[in-house]
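Structural overview
The residues making up each chain are set out below.
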Amino acid sequence: MGQGKIDSLENEIKREDIADSVRVRSLVALSREYQFSDFSKSLRYAKLALDIAEDNDLTKTKILAYQNFGGLHTLSGDYSTALRYDNLALQQSLLMGDSVNITVDFNNVANDYYDLGEYDEAYYYFTQSYRVASSIKDSLRMTIALHNVGRVFKELGQYDRALDHLLISQQMSRDIGDKEGIPYSYDEIGDVMLRKGDYDSALHVLMNSLKLSRLHKVNFLQPRTLNKLASVYLHKKDYGTALAYYDTTFLLHARTNNRFGIAEVELGRGLVYMDQKKYDDALDVINRSLKLSKETNARILEINGFNQLSKLLELKGDYKKSLEYFKQYKQLEDSLFSQDMQEKLFRDQIRFETEAKDTQIEALSRARDIKDDQIKKQEFVRNILVVVMALSVILLATVYRSGQRRRQINMLLLQHQEDMEKRSEELERLNQVKDKFFSIISHDLRSPINALAGLLDLLDKGAVKPEELPNHVKELKTRFNHTRTLLNNLLDWTLLQMDKLSLQATRIDLHKIVDENIQLLGSVQNKQIRLINTVPASAYAFADSNTTNLVIRNLMTNAIKFTNDGGAVTITASQQAGEWVISVEDNGIGMNADVLKILFDKTAPYTTRGTANEKGTGLGLILCKEFVEKNGGKIWVESKLGEGSKFSFTIPRVN
């Protein structure tokens, strides 16, 4: 709007006779007027609006003030602060049951998680926004949510699925007259083309986005599109044009003090300088980008920064520092794209797609009901005519026979439907086993293989000194020991899920099994932890030897993992009503009550790193639970945070 609108709003907030709620709305409107011309003034008005709304507990205007304040921090690249205020807005909207604001706030929270690189949380909140928008038939918010789901798939490398969502949302924008949505769609479609290496198509689509965003004054989008255009010209080796676009983008981000955007520009400049072999200039700007990325908690940019620094230092011949940055890059990448995130995304994706199908089924059912009503009316008219024409008896008999036949067909269809549902459930279960199997393998096997590849590359280049080699070998040994345990657990778990593992109960010596595991684990664990066997020599049980041995070994491994150097792990056995109670107790870090509730939940295996940064998958305890139950026993855990844990399970005793 013009200066006249700004003057009117500033006069409005100076009046003493207006309600606080009106003053807050005027302050928010002023804040939005200044956000792209005088960002500091925009932020000042936003803070004043927020203070008035909170001091007077104005629920409706608090939502507006929180949304505006969060939006300004998004504009400045401070996504952590934006997330805090967008969550406050969401809480207030949920308390009021305001569906329109709930779908807006879900989308804002999801965008914050997306910008922070937490794509599992982003996907969840985007789909929540879609569900609420769908329930109130808000076409605009449904379009925005579908567009944003496409962005998540883009970041995960699922480009075809991303394009499906983006093209659908673009068509919906056209259908409802959403002019601002079309340049946003072009911007993301262009980014997909860029990532797929189709630079000419990307350039064409991104130019359309820039043209429309300028036409409709979509100021927030313009620097993002300009940054992507710079990247296209970088890939096309047109370095002068690329740097010119980066300079323009930098000025736009500086106007709103967007440190995330500035970090993104600096990283892009660094890539241009690397291509031009200006390594010192590249090192300077990439380090600036990395510093800003850490300050704004921009983990995706931080990952890219470490990766590019590793490549740059390798080009400069500094292989030792290159390896250090490569390790930081892989550790941060592994922590961000973790197994938990992939599994949560998979579960949310299945749930969202199932609900979308249910919506389609519901629409088809309504259409069928309308058709059934029409058929019934037609039958009524026909029957009246039949009565008039004295053919009612014959026609009624025909209708009766037709009904009998229809019932028989319906019974056959119902039976067929039940068979298909059973088959579908079985296939879904097997598919989940397969997906979880490959998800874990793809995540946990990369680390040792990448580490080995990096070491071999450095050895080939002669960059590893002889005295450094034992440390690298020790690190690789630890990674491969973890991988070997992972593979054993995965194979046993998969056989169990597919009912391919047969258990044979026999007389087993529990004291001997514990001793053998103490010798095995004592030789491979690097901590100075005492392993104490107090199981009586007379402790004999009647169970499957292999699975019992695996349970005891996994529980001991788990105890070692969460016990500090110098600690102790004690294995005991006591008799109770025809059973042995086997306990593995440590004096390690312990667990809180929330973790205890989900420890044995096989739908979402819990895992965290040990006291020496040991990795895990969460399958060990799931295997223990299933193997104990297969042998007719039960398993439980007692723990106090900071004092240690005690895992116990029962096993049939030999009489």
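Residues numbered from 1 in each chain as written. Predicted model: local features only at pLDDT ≥ 70, side-chain atom pairs only at ≥ 80, totals over all residues. Heavy atoms only, no water.

Re the environment of Leu-163
Take Leu-163: it is sitting in helix H9 (residues 159–176). What makes Leu-163 buried here is its relative accessible area of 13%. Taking the C-alpha atoms as reference points, Leu-163 and Met-193, 30 residues apart in sequence, are found 9.5 Å from one another. Apart from residues lying up to four places away in sequence, Leu-163 is in contact with Ile-189, Val-192 and Lys-196. (Helix = DSSP H or I, 4+ residues; strand = E, 2+ residues; numbered from the N terminus. Buried < 20%, exposed > 50% of the residue type's maximum accessible area, 1.4 Å probe, protein only. Contact = heavy atoms within 4.5 Å.)

Side note on the pairing of strand E6 (residues 635–640)
Burial of the side chains of E6 is restricted to one face: Ile-635, Val-637 and Ser-639 are buried, whereas none of Trp-636, Glu-638 and Lys-640 on the reverse face is. The antiparallel pairing of E6 with strand E7 (residues 644–652) creates a hairpin that spans three residues between the two strands, and Gly-642 there sits at a positive phi of about 85 degrees. (Pairing = 2+ DSSP bridges.)

Here's the deal with the UniProt feature "repeat: TPR" (unreviewed entry) in the chain
Per the UniProt record, "repeat: TPR" (unreviewed entry) is found at residues 183–216 and 263–296. Along residues 183–216, the helical share is 88% and the strand share 0%, with 9 Å between the first and last C-alpha atoms. Between the C-alpha atoms that bound residues 263–296 the distance is 9 Å, and the span itself is 88% helix and 0% strand. (UniProt positions renumbered as here; feature names shortened; annotations may be inferred.)

Focus on the packing of helix H4 (residues 59–75) against helix H5 (residues 79–96)
In the contact formed by H4 and H5, the axes pass within 8 Å of each other and the chain directions differ by 160 degrees. Comparing their axes, H5 and H4 come out roughly antiparallel. Where H4 crosses over H5, the two elements pack in a sense that is left-handed. Listed contacts from H5 to Thr-59, Lys-60, Lys-62, Ile-63, Tyr-66, Gln-67, Phe-69, Gly-70, His-73 and Thr-74 of H4 are Tyr-79, Thr-81, Ala-82, Tyr-85, Asp-86, Leu-88, Ala-89, Gln-92, Ser-93 and Met-96. Considered class by class, the residues forming the contact of H4 with H5 number nine nonpolar, eight polar and three charged. (Axes fitted to C-alpha atoms, helices over the stretch in contact; angles between N-to-C directions. Parallel < 35°, antiparallel > 145°, perpendicular 65-115°, else oblique. Left-handed = near helix turned anticlockwise from the far one by under 90°. Nonpolar A, V, L, I, M, F, W, Y, C, P; charged D, E, K, R; others polar.)

A closer look at H4
With 17 residues, H4 extends 24 Å from end C-alpha to end C-alpha; this agrees with the ideal 24 Å at 1.5 Å per step. In terms of burial, H4 is largely enclosed, as 14 of its 17 residues are buried. Taken from the residues just after H4, Gly-77 is the one with a positive phi, measuring 85 degrees. (Expected span 1.5 Å × (residues − 1).)

Digging into the nonpolar core
In terms of nonpolar packing, the biggest core is built from 65 residues, with Tyr-125, Phe-126, Val-152, Val-272 and Ile-286 touching the most fellow members. Of the residues forming this core, the biggest block, eight residues, is contributed by helix H14 (residues 259–275). Sequence-distant contacts of Tyr-125, defined by excluding residues within four places in its chain, comprise Leu-90, Phe-106, Val-109, Ala-110 and Tyr-113. Residues Leu-510, Ile-513, Ile-571 and Leu-599 belong to the second largest nonpolar core, which totals 39 residues. (Core = buried A, V, L, I, M, F, W, Y, C linked by side-chain atoms within 4.5 Å.)

So, helix H7 (residues 119–135)
Count 3.6 residues to each turn of an α-helix, and residues three or four apart come out pointing the same way. If you check H7, its first and last C-alpha atoms are 24 Å apart, about what 17 residues at 1.5 Å a residue would give, namely 24 Å. In terms of burial, H7 is largely enclosed, as 12 of its 17 residues are buried. Among the residues making up H7, those that are buried are Tyr-119, Asp-120, Ala-122, Tyr-123, Tyr-125, Phe-126, Thr-127, Gln-128, Ser-129, Tyr-130, Val-132 and Ala-133. In the segment just after H7, Lys-137 is the residue with positive phi, at about 55 degrees.

A word on the sheet that holds strand E5 (residues 579–586)
Backbone-to-backbone hydrogen bonds join strands into a sheet, with any given pair of strands oriented parallel or antiparallel. Read from one edge to the other, the open sheet built from five strands follows the order E2-E4-E5-E7-E6, with strand pairing classed as mixed. A single partner strand is all that each edge strand has here, and the edge strands are strand E2 (530–533) and E6. Mean inter-strand twist for the sheet, computed between neighbouring axes without regard to direction, equals 15 degrees. Alignment of E5 against E7, held across seven bridges, turns out to be antiparallel. By the bridge assignment for E7, Ile-582 is matched with Phe-649. Sheet strands in contact with helix H23 (residues 545–561) are E2, strand E4 (568–576), E5, E6 and E7, and its direction is about 175 degrees off that of E7.

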